[in-house]
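Commentary on secondary and tertiary structure
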Amino acid sequence: MTDLIKILVGQCKAEDESYLCNYRRNFTSANAKILPADAGPGVYKALWRLFMALIVQITLMMFTIGIKVPSGLLIPSMSIGAIAGRMAGIAVEQLAYHYPHFILFQNECSKADESCVTPGLYAIVGACAFLGGATKMTVSLVVIMFELTGGLTYIVPLMAAAVTAKWVGDAFGKGGIYDAQIELNGYPFLDNKEEFNYTTLASDVMTPRPGEPPLSVLTQEGMSLAEIEQVLKETSFTGYPVVVSHDSQHLVGYVLRRDLQMAISQQRKNHRVSGKSMVYFNQTLPQNPSSSNGALSLRFYKLLDLAPVTITDQTPMETVIDMFRKLGLRITLVTHNGRLLGIITKKDVLRHTYSMNNHESVFT
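These numbers come from a predicted model, not from an experiment.

Focus: the overall build of the chain
Helix and strand content of the chain: eleven helices and nine strands. Counted over contacts in the chain with a minimum sequence separation of 6, partners at least 24 positions apart contribute 59%. Carbon and sulfur atoms make up 57% of the accessible area of the chain, which totals about 21,700 Å².

If you want it as structure tokens, here you go:
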């Protein structure tokens, strides 16, 4: 595909024998000047093949974008744009040759001793325009194309093509193809450019909602190893809040699932540790731990995050979204006077923003 792009953006020379350069010219030497000429049968055959390649590549790209297989986007987009640009360049070139005194060509193409239309430049601009329309890139795309071509004279048409492609793309919808893939695949991504202009609170978004089962929490003391293993087996959360007791729900900290599993796996190697072993998240063990049958009590205090990110239930969602964006949070705990009320994840935030914008949520 890169070889195809190289051929499409290249200029015809006297020694070229490809169909794209099959013009009715009579060269006296290999260094002869390339003058305007009528297209030969090879050019029309090349145009037909380019048209078929354009249809095939657009069709394939429509399928490959939606599947979760690394199939590339930059090179196919540039290839499609280069094909369309080369075809348009040849069409304009022939119009300028046959109608040199037309109002669009009379100033530059009225002289028969020089070529005023370069199809290769149209291919470069077409590649830039198609890629810019797909990705919504502007300045960075112009810089990339400048690095590829190395010609300062191409900067202006490339800038015009990139900006026009972005305007046309914005008319159909915000965001580029990568933003669409993030949305379709349900990836939890918060765009820093989007604004949240609603007056909802954290209590409107947090989990659990009224009528839902309570949060899966661990107590600071009083739980056996078997009970903690049962919680890990029944749920798949990445972490669990630790509270003083189920009655008070006063937040102590937060423990990650993977840390808890690793610690339990290590302690299980000790023959004195069983399912009846009591687990404590205290800094020191009680003087009379309540383990039965001589089972060894366990202290997982070092696994505990004593300063998890917390917010109150009256925190505006605009502030919560800014915290998720700027701090890179995945979750935050919702409290009221130190008591745990719920939890907000990044998917909860995205689901809420989509519902407020009257969009169908893809985050489940």
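What to know about the sheet that holds strand E2 (residues 223–224)
Reading across the sheet, the three strands line up as E2-E5-E6 and stay open at both edges, with mixed pairing between neighbours. Looking at the sheet topology across the chains shown, the edges are occupied by E2 and strand E6 (298–299). Looking at chain direction, strand E5 (residues 278–280) and E6 are connected through two bridges and run parallel. Among the inter-strand pairings, Val-279 is bridged to a residue of E6, identified as Leu-298.

Some words on the side chain of Thr-235
Relative to the helices and strands, Thr-235 resides in the loop between helix H8 (225–234) and strand E3 (239–243). In terms of polar contacts, Thr-235 uses its side chain to reach the backbone carbonyl oxygen of Val-231, at 2.6 Å. Side-chain polar atoms of Thr-235 contact the side chain of Tyr-240, separated by 2.6 Å. Excluding residues within four positions of it along the chain, Thr-235 makes contact with Ser-216, Tyr-240 and Arg-257.

Quick look at the sheet that holds strand E9 (residues 339–345)
Spatially, E7-E8-E9 is the arrangement adopted by the three strands of the open sheet, whose pairing is mixed. Single-partner strands in this sheet number two, and they are strand E7 (310–312) and E9. Going from strand to strand, the sheet's axes swing by 35 degrees on average, the running direction of each strand aside.

Comments concerning the packing of helix H1 (residues 2–9) against helix H3 (residues 74–98)
Viewed as axis vectors pointing N to C, H1 and H3 meet at an angle of 30 degrees, and their least axial separation amounts to 9 Å. By the angle between their axes, H1 is roughly parallel relative to H3. Where H1 crosses over H3, the two elements pack in a sense that is left-handed. Facing Thr-2, Leu-4, Ile-5, Ile-7, Leu-8 and Val-9 of H1, the residues of H3 in contact are Ile-75, Met-78, Ser-79, Ala-82, Ile-83 and Arg-86.

Topic: the nonpolar core
One finds Leu-8, Tyr-23 and Met-145 to be the most contacted residues of the largest nonpolar core, which totals 33 residues. Mapped by element, the contributors of at least two residues to this core are H1, helix H2 (41–66), H3, helix H4 (119–135), helix H5 (139–149) and helix H6 (155–172). Counting residues per element, this core draws most heavily on H2, at six residues. The residues contacting Met-145, other than those within four sequence positions of it, are Met-78, Ile-124, Ala-127, Cys-128 and Leu-158.

Side note on the packing of aromatic side chains
On inspection of all chains with the given rule, the structure shows three aromatic pairs. Both rings, one in Phe-237 and one in Tyr-240, keep their centres 6.2 Å apart while their planes meet at 70 degrees; by these two values the pair is edge-to-face.

The rules behind each value
Residues numbered from 1 in each chain as written. Predicted model: local features only at pLDDT ≥ 70, side-chain atom pairs only at ≥ 80, totals over all residues. Heavy atoms only, no water. Helix = DSSP H or I, 4+ residues; strand = E, 2+ residues; numbered from the N terminus. Contact = heavy atoms within 4.5 Å. Areas by Shrake-Rupley, 256 points an atom, 1.4 Å probe, with all protein chains shown as cover. Pairing = 2+ DSSP bridges. Polar contact = N/O pair within 3.5 Å; in protein donor to acceptor, adjacent residues only side chain to side chain. Axes fitted to C-alpha atoms, helices over the stretch in contact; angles between N-to-C directions. Parallel < 35°, antiparallel > 145°, perpendicular 65-115°, else oblique. Left-handed = near helix turned anticlockwise from the far one by under 90°. Core = buried A, V, L, I, M, F, W, Y, C linked by side-chain atoms within 4.5 Å. Buried < 20%, exposed > 50% of the residue type's maximum accessible area, 1.4 Å probe, protein only. Phe/Tyr/Trp six-rings, centres within 6.5 Å; stacked < 30°, edge-to-face > 60°.

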